[in-house]
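Notes for the structure review
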Amino acid sequence: MSKKNDRIFVKGNEAIARGALAAKCKCFFGYPITPQNDIPEYMSSEIIKAGGDFVQAESEVAAANMLLGAGASGVRAMTSSSSPGIALKQEAISYMAGSEIPAVIVNMNRGGPGLGDIGPAQGDYYQSTRGGGHGDYRHFTFGPGTVQEAYDLTIKAFDIAFKQRTPVLILGDAILGQMKEPITPWLPENIDEEAGRDWAVTGRTGGREKRLVKSLFLEEGALAEQNRHLQAKYDSWKSMTEAEQFETEDADLILCAYGSIGRIAKSAVRKFRKDGKKVGLFRPITLYPFPSDELKELAEQGKRFLTIEHNLGQMLDDVRLAIRTVADSDFYPIYPGNLPTPDELEEPILKCLEGK
Amino acid sequence: MSEMNEKLVFDRPDSVIDRPTHYCPGCHHGIAHRLVGELLDEMDLTEKTLMVTSIGCSVFLYNYLNADAVEAPHGRAPAVATGVKRARPDSFVFTYQGDGDLASIGMAEIMHAANRGEKMSVVFVNNTVYGMTGGQMAPTTMIGQVTTTTPAGRCQTHEGAPIRMTEIIASLGGTAFAARGALNTVANIKKSRKYLKKAFEFQLNGTGFGFVELLSGCPTNWKMTALAANERIKDEMIPYFPLGVYKDVSEEGGVC
């Protein structure tokens, strides 16, 4: 247990920025968009103090391509944005996936489609987990549910990005970004900033062979080979899934929810448990790869499922794919533009409980 | 005269890889590549060079120059180069971009990289046409020039006027050096080389952004012989895109 004076009281956005600095992020490229502005604002002073560099780009497109350049040269770098801005970054994200460039991208999801609003939503789940840009690719996607987790997963995101040579996405929302909570910051040990960069574009110092980071594969069969390699890499991530299970063991009904909604659903579970009703929570922490096997195990125990999302049904697809041979899931959508409370979830949960 | 007495006066620079290029006969990319390669050798830059290649015929620059390279999406090379240079400030970074890439889809990126005074160099090859995609109109296509998307010739009232990039870049605060050369004659090639060298020096001494436009021929898409293409550069392009130095802060007293 950490001591009280080790703890700091910060917004989710700031926790992500602090996590990135703890992970020795050296470059940050941003562009203002609500509700993630605290991240570039924090970085504009703190990353410079830490000996790194900050650029406010001319657009989200440029920021993502600056990230591509920094990542290609083997340096820990990050960008952050929110939904419409992340849509603009998809061009570079596809190129980074194709060129296997490590980088961390933060999306504090707001309401859409289009300009939508600046309130919380989870409408970018498909975009985040299916490869939002062109071509066949995926990237690691984390969905933190607390401010502490936002800090922890940001540090982890950098490690995975460099170990797996992939862009890693952190998918939060306006609730997580704007909410203040006490967290215990920690510093990861032994980050070797030059390790595992034997592919990076750093200059042919000492006369070594030249290196090339690219996503163009024109020779007969070369692109198929690259895609085979990428898919094998994505398949290997299946062992790296993470999920939180809360009160699932004896539960009749399992709520499936992630991020901020997962946290609100947890409060609802606590309330139902007080009334002696057997409700549990399954909260995926890795959204890609999705923790399908763990969920399927619960389905095989005869549990019922209710997926709750701050969108009109996106993670629901992954839940159904995971449990399809044994069960199905009901669904309760929270329309974007509204901030849900645990009370709001009571009625749909009760309906599901009594439905059988 | 015996072989022993012969003096080698012209050879392939070490930075240029010994392989045939994929460019069409009469294309000037080969000359531009060579000029860059000669300077990398002369200025001892090969080992610290990080090239950012872009989209179009010149995407394969990395097959011809012996330096590390990263490939950028359409038009984004100046943003990618910004990331590379910020991440590795001790490296020598240049982009190599055509007119469609730089002056159309990448207009925002080039303007802002120049305006920020990024310590990088840009080699801008202007042949007034989209080459790799098959000869469509570029932002620099001349009035009256027939392309596959201006079959009746570019018309100012319909397509706008050809954009003069060097003049625009020279007007921006972070630009240390901006010049326009041409690759149609030996004299112009020599001058272009001097411009490139100056742009590279401004990066190395940390002064600011260096930009060199090179008026170049595309005989295939212009549907001309190589010699006629050279004549066209002289008769049509240079009068509209005048050659020379547009900004040189060493003469102006420097920028912040």
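Just so we're clear, the structure is a prediction, and the values are computed from it rather than from any experiment. (Residues numbered from 1 in each chain as written. Chains lettered and ligands numbered in written order. Predicted model: local features only at pLDDT ≥ 70, side-chain atom pairs only at ≥ 80, totals over all residues. Heavy atoms only, no water.)

Regarding the domain arrangement of chain A
All names here are of chain A. For chain A, the assigned domains read domain 1 (2-191 + 228-239) and domain 2 (242-353). Spacing between the C-alpha centres of domain 1 and domain 2 amounts to 25 Å. Contacts between the two partners involve 33 residues from domain 1, matched on the other side by 26 residues from domain 2. Of the roughly 2400 Å² buried where domain 1 meets domain 2, counting both sides, 51% is carbon and sulfur surface. The largest per-residue losses of area from domain 1 upon contact with domain 2 belong to Gln122, Tyr125 and Tyr126, which jointly make up 29% of the total buried on that side. In this structure, the connection of domain 1 to domain 2 is made through four salt bridges. Its salt-bridge partner being Asp318, residue Arg130 comes within 2.8 Å of it at the nearest N-O pair. Applying the counting criterion to the domain 1 and domain 2 interface returns 18 residue pairs in polar contact (both at pLDDT 80 or more). For the side of domain 1 that touches domain 2, the elements supplying multiple residues, two or more each, are helix 5 (125-130), strand 6 (140-142), helix 6 (147-164), strand 7 (167-173) and helix 7 (174-178). Of the residues that constitute the side of domain 1 that touches domain 2, the class distribution is 15 nonpolar, 10 polar and eight charged. (Domains from an automatic or database assignment. Contact = heavy atoms within 4.5 Å. Buried area = accessible area lost by both parts, 1.4 Å probe. Salt bridge = Lys/Arg side-chain N within 4 Å of Asp/Glu carboxyl O. Polar contact = N/O pair within 3.5 Å; in protein donor to acceptor, adjacent residues only side chain to side chain. Helix = DSSP H or I, 4+ residues; strand = E, 2+ residues; numbered from the N terminus. Nonpolar A, V, L, I, M, F, W, Y, C, P; charged D, E, K, R; others polar.)

A look at the UniProt feature "domain: Thiamine pyrophosphate enzyme TPP-binding" (unreviewed entry) in chain B
According to UniProt, the "domain: Thiamine pyrophosphate enzyme TPP-binding" (unreviewed entry) feature falls on residues 57-209 of chain B. The straight-line gap between the two end C-alpha atoms of residues 57-209 of chain B is 24 Å; of that span, 40% is helix and 17% is strand. (UniProt positions renumbered as here; feature names shortened; annotations may be inferred.)

Considerations on the side chain of Lys303(A)
All names here are of chain A. Along the polypeptide, Lys303 turns up in the loop between helix 10 (292-300) and strand 14 (304-309). Despite being buried, Lys303 has no salt bridge partner; Asp250 is the closest side chain of opposite charge, sitting 6.3 Å away. Polar contacts involving the side chain of Lys303 include one to the main-chain carbonyl oxygen of Glu249, which spans 2.6 Å. Among residues more than four places away in sequence, those in contact with Lys303 are Thr248, Glu249, Asp250, Ala251, Asp252, Ile254, Leu298 and Ala327. (Buried < 20%, exposed > 50% of the residue type's maximum accessible area, 1.4 Å probe, protein only. Lys, Arg positive; Asp, Glu negative; His and termini not counted.)

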